[in-house]
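# An overview of the molecular structure
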Amino acid sequence: MKEFETFAVHAGEGADPETGALRQPLHMSTTFKLPGFGIKLFDAIYMDSARPPYAYTRWCNPTLRALEDRLVALEGAEAAVVLSSGMAAVSALIFTLLSSGDHLIASEVCYAGSVELFGEHLPRFGIEVSLVDTSDLKQVEDALRPNTKLIYAETPANPILRISDISALAQIAHEASAQLAVDSTWASPALQRPLALGADYVIHSLTKFINGHGDALGGAVLGSEEGIKRIRKDMLVHLGGALSPFNAWLINRGLVTLPVRMHKHSQNAYEVARFLENHPKVARVFYPGLISHPHYDLAKKQMTDFWGMLTFQLKGGLGTAITLAEKIKLFQYATSLGHAHSLLFYYPTDIYIDAASYLNAEQKQRIREWTGDGIMRASIGLESPDDLIADLDRALRARTVKGAVGPLAYRLMKRFASG
Ligand SMILES: *Cc1c(COP(=O)(O)O)cnc(C)c1O
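Scope of this entry: the structure provided in the associated data block. Every chain is numbered on its own, with residues counted from 1 as its sequence reads. Only residues with pLDDT of 70 or above have their local features reported here, since the model is predicted, and side-chain atom pairs are shown and tallied only from 80 upward, although totals for entire chains, interfaces and linings are computed over all residues. Side-chain descriptors were evaluated using all non-hydrogen atoms of the structure, hydrogens and water having been removed beforehand.

### Focus on the packing of aromatic side chains
- Note on ring pairs: Phe, Tyr and Trp rings are taken, using the six-membered ring of Trp, and paired if centres are within 6.5 Å. Classes follow the plane angle, with under 30 degrees stacked, over 60 edge-to-face and the rest tilted. One pass over the full model with this rule turns up 9 aromatic pairs.
- Judged by centre distance (5.5 Å) and plane angle (75°), the rings of Phe 95 and Phe 125 are edge-to-face. With Phe 95 in helix H4 (residues 86–97) and Phe 125 in the loop between helix H5 (112–121) and strand S3 (128–132), this pair connects stretches of sequence that are 30 residues apart.
- Where Tyr 287 meets Trp 307, the ring centres are 6.4 Å apart and the plane angle is 50°; that geometry is what we call tilted. Pair noted here: Tyr 287 is in the loop between strand S8 (282–286) and helix H11 (296–302) and Trp 307 is in the loop between H11 and strand S9 (309–314), with a separation of 20 residues, a long-range link. Secondary structure is summarised from DSSP: a helix means a run of H or I of at least four residues, a strand means a run of E of at least two, and numbering begins at the N terminus for each.

### Some points on the pairing of strand S7 (residues 219–223)
- For the exposure calls, accessible area comes from a 1.4 Å probe over protein chains only, and a residue counts as buried if that area is under 20% of its type's maximum, exposed if over 50%, partly exposed in between. Of all 5 residues in S7, 5 are buried, a share of seventy percent or more.
- Burial along S7 is two-sided: the face carrying Gly 219, Val 221 and Gly 223 and the face carrying Ala 220 and Leu 222 are both buried.
- Only strands joined by at least two bridges in the DSSP assignment are considered to pair. In this sheet, S7 lies alongside strand S1 (residues 79–83) in antiparallel orientation, the contact comprising 5 bridges. Bridge pairing in S7 places Val 82 opposite Ala 220.
- Where strand S6 (residues 201–205) meets S7, 4 bridges bridge the pair, whose relative direction is antiparallel. Within S7, the residue paired with Val 202 across the bridge is Leu 222.

Here it is, written out as structure tokens:
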């Protein structure tokens, strides 16, 4: 989409009519003077629209609206609703669309907060859940039931980088009179447009690449006018996950440089992936821009660039992982992703799987086939690729930390494994 870079700068933001300010003023006001009187008028005007007039900031606010309008332009959606975090977006969508007795098919591996919500909590509300590998269309088809309402796919999937075929999933969902929601956080609208591929809803954690500076949590759901109106009215208002206008303002500022940043993240990650693939301490690299990735062709078809995330398996397992985590200087050992800073985070497979009571033996086996004994997730930032590679090379060549430090670090990781 040619206009994408222009939308990133201009959509949803014009000169302020009163002051001429070119940057959107930050509106922190929680409440707005109402034009009339009466609760009926209130319901009709304020609750029955994807773009309600301003009354109370939990429902909408000019600074939130500016961010919504820019996201709508970038994602090619009819409407958007922004929320306080990616998880607030996931939960608002799920609890708007699903009721007791409905069935959800979802990625068995996706962001931990999402898959735990599906696997551990939705059954408490009488919602049936099937967790499958959504990159395997047969598994999705086999999981369909007469009461399937929603297929939920995260692609690329955090943390193992499986890619699911969005248009094929949309077709399966629609033939079964269900809908498809895609968590597209790892791609951002710069690299992948799920609505154009047939999805009904797109979810983003704005916290990651969209903000890009690691200083504001936020989330969004995008889709049809009617669908977004329902999410705002039914669950933003009632679950209450409202985004702070200050965060919206920061995220909107970050969004301006999304196209440029994603290009640089992709270039850097490609360089790092190629370096790691040839490193003697590295057993396997998962990066969809490398031909060795099992979903390389699909990634090439579905995404316009290969983004800044990669994962790799280490020879020497946990020992090498701990050494790497302790010896890096430029990379930081931290969770989260999509920032200017490069980050590493390790997932020991046994701990990850032990903690996931909602996964059966077959699902655990499938995950183990991808991850081996553990994977290191790398969010590649905007630094010089040469400096990043030098940092990794030095840390990988350091002597493996053995003995007392290992078990201690292992226990610590176990405590934080769900983070
Ligand atoms: C981080 C993340 C989320 C959750 O977002 P928060 O803003 O941290 O609540 C959801 N999905 C994916 C793919 C993520 O990476």
